[in-house]
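An overview of the molecular structure
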Amino acid sequence: MSDTFHAMWRSLLPIGRSDASGGYRRYAWTGADADCRLWFQAQAEARGLFTETDRNGNQWAWLGDPLAGDAVVTGSHLDSVPDGGAFDGPLGVVSSFAALDELRRRGAVFARPFAITNFGDEEGARFGLACVGSRLAAGQLSVQDAHRLRDGDGVSLPAAMEAAGHDPDAIGADPERLARIGAFVELHVEQGRALDVSGDPVGVASAIWPHGRWRFDFRGEANHAGTTRLADRRDPMLTYAETVLAARREAEFAGGLATFGKIAVEPNGVNAIPSLVRGWLDARAADQSALDAVVSGVERAAREHAERAGIDLDVVRESFTPVVDFQHALRDEIRRVLEKRGAESVDGAGRAGRAVPVLGTGAGHDAGILSASVPTAMLFVRNPTGISHSPAEHAAEDDCVAGVRALADVLEGLACS
């Protein structure tokens, strides 16, 4: 199993990697994305799986009849954030193929259709909206809103899809396909240190925090940086800076998370006072009331600072995902399977398996989007540093193999006779 996993991992690693940063730039409907899709197809065909790309650009690799219903599906995504790490998304896809190899090695017989997926544009790095492929399939993103998406160069999502050879007029809700799925299990590197603290290589997800993205547009007056008195300025950058500090305070007070991680400035000159500062707030919290408190507090502070400085402010919610409490029955069954396997084995130190930890996460995933339509669950693999969305993202070799073995155990319990 280790050799199979690492052979796939090595073949995927060079795709979309930046020599300058060491991170990945696998953005939706680009050349790197196309290369990832070819890699996925090659892995599927090497295993005798039937491959297809659905109307929303999501890839499927099938074992058994895709139309039979009650399918067990696993997978994740292959795209990345700007200069992201190697594990976020790809670990789940590579582990899915490796888990299938492990099940075949065990001689497992599939009693239900089985598929591995690569969901398109999960990170939203190019068009600013996460989980585009799964949102479209689940009917959580309308065709009209999808067609309005633009990247930083003004290229629309339909234009990008068409340039990549996909029909943008075909996108939209896909309830018939989702109705054929009996369970979806996504393996993902943990984006935090809970497993490292507990000393466990693998955990089961309990819930995904509610989260969203809000755009703050601060409009002032462009002017000369070298001749305009401080008292005469309407500088939106100052109001934006005050809002960033307010976001940190509000998040600490409510026990949530708030981040301004992206900014656009006009006219963006070194010697020019900006006319527009546009910042994107990413906010998350363990429950809806805490999230509401964070966002309303940030917006209130922004408006107060803007009014005092003579700055116009518009706030637009660009995306939102409510709390996802993964189906308890599926989650508990997965935990039971893993704990039973652990009890049947003894590690190198002579210790029997122990309880599998159940943990929540503030990170969004395709599994969370699909949970409204399909029974879903997630497995997490330990990340010793807790760092994610960075080239420093990491998972140890032994933990990756443990994740593959855990995923194989789960899939065997769900899909095999």
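Structural data are supplied above this passage.
An account of the accompanying structure is given in this report. (Residues numbered from 1 in each chain as written. Predicted model: local features only at pLDDT ≥ 70, side-chain atom pairs only at ≥ 80, totals over all residues. Heavy atoms only, no water.)

**Describing the side chain of Arg180**
Summarising the element assignment, Arg180 is placed in the loop between helix H7 (175–179) and strand E5 (181–189). Despite its burial, Arg180 pairs with no opposite charge, the nearest such side chain being Glu52 at 5.5 Å. Residues in contact with Arg180, not counting those within four places in the same chain, are Pro66, Leu67, Gly69, Asp70 and Ala71. (Helix = DSSP H or I, 4+ residues; strand = E, 2+ residues; numbered from the N terminus. Buried < 20%, exposed > 50% of the residue type's maximum accessible area, 1.4 Å probe, protein only. Lys, Arg positive; Asp, Glu negative; His and termini not counted. Salt bridge = Lys/Arg side-chain N within 4 Å of Asp/Glu carboxyl O. Contact = heavy atoms within 4.5 Å.)

**A look at the side chain of Ser18**
By the secondary structure assignment, Ser18 is in the loop between helix H1 (2–12) and helix H2 (31–46). Polar contacts involving the side chain of Ser18 include one to the main-chain amide nitrogen of Ala20, which spans 3.2 Å. A distance of 3.2 Å separates a polar atom in the side chain of Ser18 from the backbone nitrogen of Ser21. Setting aside residues up to four positions removed in sequence, Ser18 forms contacts with Gly23, Arg25 and Asp83. (Polar contact = N/O pair within 3.5 Å; in protein donor to acceptor, adjacent residues only side chain to side chain.)

**With respect to the pairing of strand E3 (residues 71–77)**
Within E3, seven of the seven residues are buried, which leaves the element mostly enclosed by the surrounding structure. Residue alternation in E3 divides its side chains into two sets, Ala71, Val73, Gly75 and His77 and Val72, Thr74 and Ser76, and both sets are buried. For E3 and E5, the ladder comprises four bridges, and the chain directions are parallel. When the bridges of E5 are listed, Val73 appears paired with Phe184. Where E3 meets strand E4 (residues 114–119), six bridges bridge the pair, whose relative direction is parallel. Across the sheet, residue His77 finds its bridge partner in E4, namely Phe119. Tracing the backbone out of E3, into helix H3 (residues 90–106) and back to the parallel element E4 gives a crossover that is right-handed. (Pairing = 2+ DSSP bridges. Right-handed = clockwise from strand over helix to strand, strands pointing away.)

So, to be careful, I would describe these as geometric facts and stop short of saying anything about function.
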